[in-house]
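# Survey of secondary and tertiary structure
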There are 2 protein chains.
Amino acid sequence: MKKIINDPDTVVADALLGIEEAYPQLRVDHENKVVYRGDERRPGKVGLVSGGGSGHEPLHGGFVGLGMLDAACAGEVFTSPVPDQMIAATKLVDDGAGVLQIVKNYTGDVMNFEMAAEMAAAETGVEVVSVVTDDDVAVQDSTFTAGRRGVGVTVLLEKIVGAAAEEGRDLAAVAELARKVNGNGRSMGLALTSCTVPAAGKPTFEIGEDEMELGVGIHGEPGRERVPMASAKEMAQLLVEPVLADLPFGSGDGVIAFVNGLGGTPLLELYVLYHEVRSILDQHGIGVARSLVGNYITSLDMAGASVTLLKADDELVGLWDAPVSTPGLRWGA
Amino acid sequence: MKKIINDPDTVVADALLGIEEAYPQLRVDHENKVVYRGDERRPGKVGLVSGGGSGHEPLHGGFVGLGMLDAACAGEVFTSPVPDQMIAATKLVDDGAGVLQIVKNYTGDVMNFEMAAEMAAAETGVEVVSVVTDDDVAVQDSTFTAGRRGVGVTVLLEKIVGAAAEEGRDLAAVAELARKVNGNGRSMGLALTSCTVPAAGKPTFEIGEDEMELGVGIHGEPGRERVPMASAKEMAQLLVEPVLADLPFGSGDGVIAFVNGLGGTPLLELYVLYHEVRSILDQHGIGVARSLVGNYITSLDMAGASVTLLKADDELVGLWDAPVSTPGLRWGA
């Protein structure tokens, strides 16, 4: 294992020190491993909290800021944060209008966020609502998941729902919007290599020089099948067609198209893939209202990519365009 | 070789199709492989042109836009663009106030940009001035370079000089500023793995599981020496101390601190490294005015990182803070 770390046991704590120093607009509660906004509080604004295992950066800490999350709980690598972290985050962002938890569908995350919601409510009276993302069409159940896994749509959801919270919508409206985004989004990914978890010290799975894992999870969980290495054009088909068939998306739909790198794949290759994705969408008569290409929900050093398509009406596109100022996504502010 | 490409021979052309589709605010001259701004022209503004071999994305195409470059020429992977590309770029951005070329110090780039400057001047009468970056303290001459290599400072320079051009400074002033930034900046990098050039199909160099290449170039050129794998804290020392000694930087100086990933290293590790860099700067009494952490000048899929320090006075910090709107860097706009 070759990594820029001091110790597998302190990698998340060490990274949080760097995050705090790199972004003066953010604050870090190091005891609870919570990244939160340092700008002025807005009484009456719904607080948005997310979090999950580390190793997916910039998700979630890199999406804290104006127009997106108010706080993110960092678990150990690929490990759910514990309820105490989420309770701390809830208290930090409670501005009297309730708190929305954005939770990727992994068993540990869902259970811990649920427990935290109940405990925070009991302790402080804050109203907490949870929305779970489960956009990965690859498999029904998986290593850490009952039902579908939450992946790329989480990024788009945090942006869109963050904008809605910023414009003053109430908790029920923000939660409804979050469910709408999740319901309108679908994803699938593939891996060319494994990732290596620091504490494990070796690759999570073995994979040959001539094959790839189609439908891989963001922790290296198995996908649908091992398939032979293919061209970017073929990879785009393998990813886009199952996504389109699932919702289903149809001719005349407009989407936000998101091509995401898993951490070890250079941007050059993501642009090649994005062009192939666009070509397939064109063939289906699907318009691309907005797009996002880059490393946003990663799997440590895994080489590979995922495609997320979000059916986007004027409301979602308008909220997507609203100002955002976070380390990972920034425009208009 | 496992890459998301169609064909090693078309990877740059294919990526440029994706770049054009991903960023509606940009335009691409596909024949000349030039990425340029699609927003309104500003008569009397100095045009900024850069470029170089591809494989370093987001550099340079991802830095085209308001407050940074006006055009970027994309060579084949790790190969200088040819003069025809640079002449086309020069014509595209000439708004009557002359054109500044920002050139990384590699023999092919320097020669081709020089030739392009003369030919463009002869053909159209446009005044072209060239500034060469050579901030890498690792080695004096190198595989593709007489003198020092141009690396991380190029990113900072394009941002700062782009802001100065945007505020209407003339060509002589913009060129003088560019030389000031290059003179005030120093960098060094290290690699944990090689990169793999698509056309070569195999890693550029071999490296053992227990060693790293200290002072590596952004094309995988040899650095100072092979050293044993080390902790993030030790890596920070190996990178920061030679940089500090070279200018030299001293107690009381303020810097823009830039920790850059080489493409295959996850953001999580860059934050760990950044914290260690900050600790060393603290020990030296050097203040960090601004910082940048992420993958900005990459070497395809190479795992590793570089540190760039730029001695920054109020002028440079003010220009750094000015609005920028490019795919790779964006704030205030």
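As the structure is a prediction and not an experimental result, all values here were calculated from the model. (Residues numbered from 1 in each chain as written. Chains lettered and ligands numbered in written order. Predicted model: local features only at pLDDT ≥ 70, side-chain atom pairs only at ≥ 80, totals over all residues. Heavy atoms only, no water.)

Before going further, it helps to examine the pairing of strand 11 (residues 287–294) of chain B. Remember that side chains alternate between the two faces of the sheet whenever the strand is regular. Residues and elements named next belong to chain B. The pairing of strand 10 (residues 254–261) with strand 11 spans seven bridges and is parallel. Each residue of the ladder has a partner; that of Gly254, found in strand 11, is Gly287. Since strand 10 and strand 11 lie parallel, the crossover through helix 7 (residues 267–283) that links them has a hand, and here it is right-handed. (Pairing = 2+ DSSP bridges. Helix = DSSP H or I, 4+ residues; strand = E, 2+ residues; numbered from the N terminus. Right-handed = clockwise from strand over helix to strand, strands pointing away.)

Time to look at the interface of chain A and chain B. In this complex, chain A contributes 53 residues to the contact, which on the side of chain B involves 53 residues. For the pair chain A and chain B, the summed buried area comes to about 4,600 Å², and 62% of that belongs to carbon and sulfur atoms. For chain A, the biggest contributors to the area lost against chain B are Lys2(A), Ile4(A) and Leu268(A); these three give 20% of the whole. Across the chain A-chain B interface, the total number found is two salt bridges. Linking Glu269(B) and Lys3(A) is a salt bridge whose minimum nitrogen-to-oxygen distance equals 3.8 Å. Across the contact surface, chain A and chain B share 28 residue pairs in polar contact (both at pLDDT 80 or more). (Contact = heavy atoms within 4.5 Å. Buried area = accessible area lost by both parts, 1.4 Å probe. Salt bridge = Lys/Arg side-chain N within 4 Å of Asp/Glu carboxyl O. Polar contact = N/O pair within 3.5 Å; in protein donor to acceptor, adjacent residues only side chain to side chain.)

The subject of this paragraph is the packing of aromatic side chains. What the rule picks out here adds up to six aromatic pairs over all chains. Relative to Tyr271(B), the ring of Tyr23(A) lies with its centre 6.0 Å away and its plane at 75 degrees, an arrangement referred to as edge-to-face. Of this pair, Tyr23(A) sits in the loop between helix 1 (11–22) and strand 1 (26–29) while Tyr271(B) sits in helix 7, on two different chains. Per residue, the accessibility class of Tyr23(A) equals that of Tyr271(B), and both read buried. Positioned above the aromatic ring of Phe249(A) is the side chain of Lys311(A), whose terminal nitrogen or guanidinium carbon lies 5.9 Å from the ring centre. (Phe/Tyr/Trp six-rings, centres within 6.5 Å; stacked < 30°, edge-to-face > 60°. Buried < 20%, exposed > 50% of the residue type's maximum accessible area, 1.4 Å probe, protein only. Lys NZ or Arg CZ within 6 Å of the ring centre and 35° of its normal.)

For the structure shown, the criterion picks out 44 salt bridges over all chains. In this structure, Asp136(A) engages Arg149(A) in a salt bridge whose closest nitrogen and oxygen atoms are separated by 3.0 Å. Taken together, the residues span a long stretch of sequence, with Asp136(A) in the loop between strand 6 (128–133) and helix 4 (153–166) and Arg149(A) in the loop between strand 6 and helix 4 at a distance of 13 residues. Residue Asp136(A) is classed as buried on the basis of its relative accessible area, which comes to 2%. Looking at Arg149(A), the relative accessible area reads 0%, which means it is buried. For the salt bridge of Lys233(B) with Glu276(B), the shortest nitrogen-to-oxygen distance reads 3.6 Å.

With that settled, consider the sheet that holds strand 9 (residues 225–228) of chain B. Residue and element names in this part refer to chain B. On the basis of which strands lie adjacent, the open sheet formed by six strands has the order 9-8-7-12-10-11 and mixed pairing. Every other strand in the sheet has two partners, leaving strand 9 and strand 11 as the edge strands with one partner each. Between one strand axis and the next, the sheet turns through 20 degrees on average, direction left out of account. Bridging between strand 8 (residues 211–214) and strand 9 involves four bridges; their strand directions are antiparallel. Considered in strand 9, the bridge of Leu214 is made with Glu225. Strands strand 10, strand 11 and strand 12 (304–311) of the sheet are contacted by helix 8 (residues 314–321), whose axis makes an angle of about 35 degrees with strand 11. (Axes fitted to C-alpha atoms, helices over the stretch in contact; angles between N-to-C directions.)

All names here are of chain A. What the domain assignment reports for chain A is domain 1 (14–184) and domain 2 (185–323). Relative placement of domain 1 and domain 2: their C-alpha centres are 22 Å apart. Counting from both sides, the interface comprises 40 residues of domain 1 and, opposite them, 41 residues of domain 2. Buried area between domain 1 and domain 2, both sides added, is near 3,200 Å², and the carbon and sulfur share of it is 63%. (Domains from an automatic or database assignment.)

Another aspect to go through is unusual backbone geometry. The omega angle of the peptide bond from Glu57(A) to Pro58(A) is 10 degrees, so this bond is cis rather than trans. Structurally, the position occupied by Pro58(A) is in the loop between strand 3 (47–54) and strand 4 (71–77). Geometrically, the link from Leu247(A) to Pro248(A) is a cis peptide bond, its omega value of -10 degrees lying close to zero. The topology assignment puts Pro248(A) in the loop between helix 6 (232–246) and strand 10 (254–261). Within the chain, Phe78(B) stands out as a residue other than glycine whose phi angle is a positive 55 degrees. Along the chain, Phe78(B) falls in the loop between strand 4 (71–77) and helix 2 (83–93). Its relative accessible area of 17% is what places Phe78(B) among the buried residues.

One copy of the chain maps onto the second through a rotation around an axis plus a translation along that axis. The transformation that overlays chain A on chain B combines an axial shift of 0.0 Å with a rotation of 180 degrees, and the residual RMSD is 0.0 Å. Taken together, the turn and the small shift mark the pair as related by a two-fold rotation axis. Among all C-alpha atoms of chain A, that of Gly264(A) lies closest to the rotation axis, at 2.2 Å. Of the residues that chain A buries at the interface, 100% are likewise interface residues in chain B, meaning the two copies contact each other through the same surface. (Least-squares fit on C-alpha atoms with pLDDT ≥ 70 in both.)

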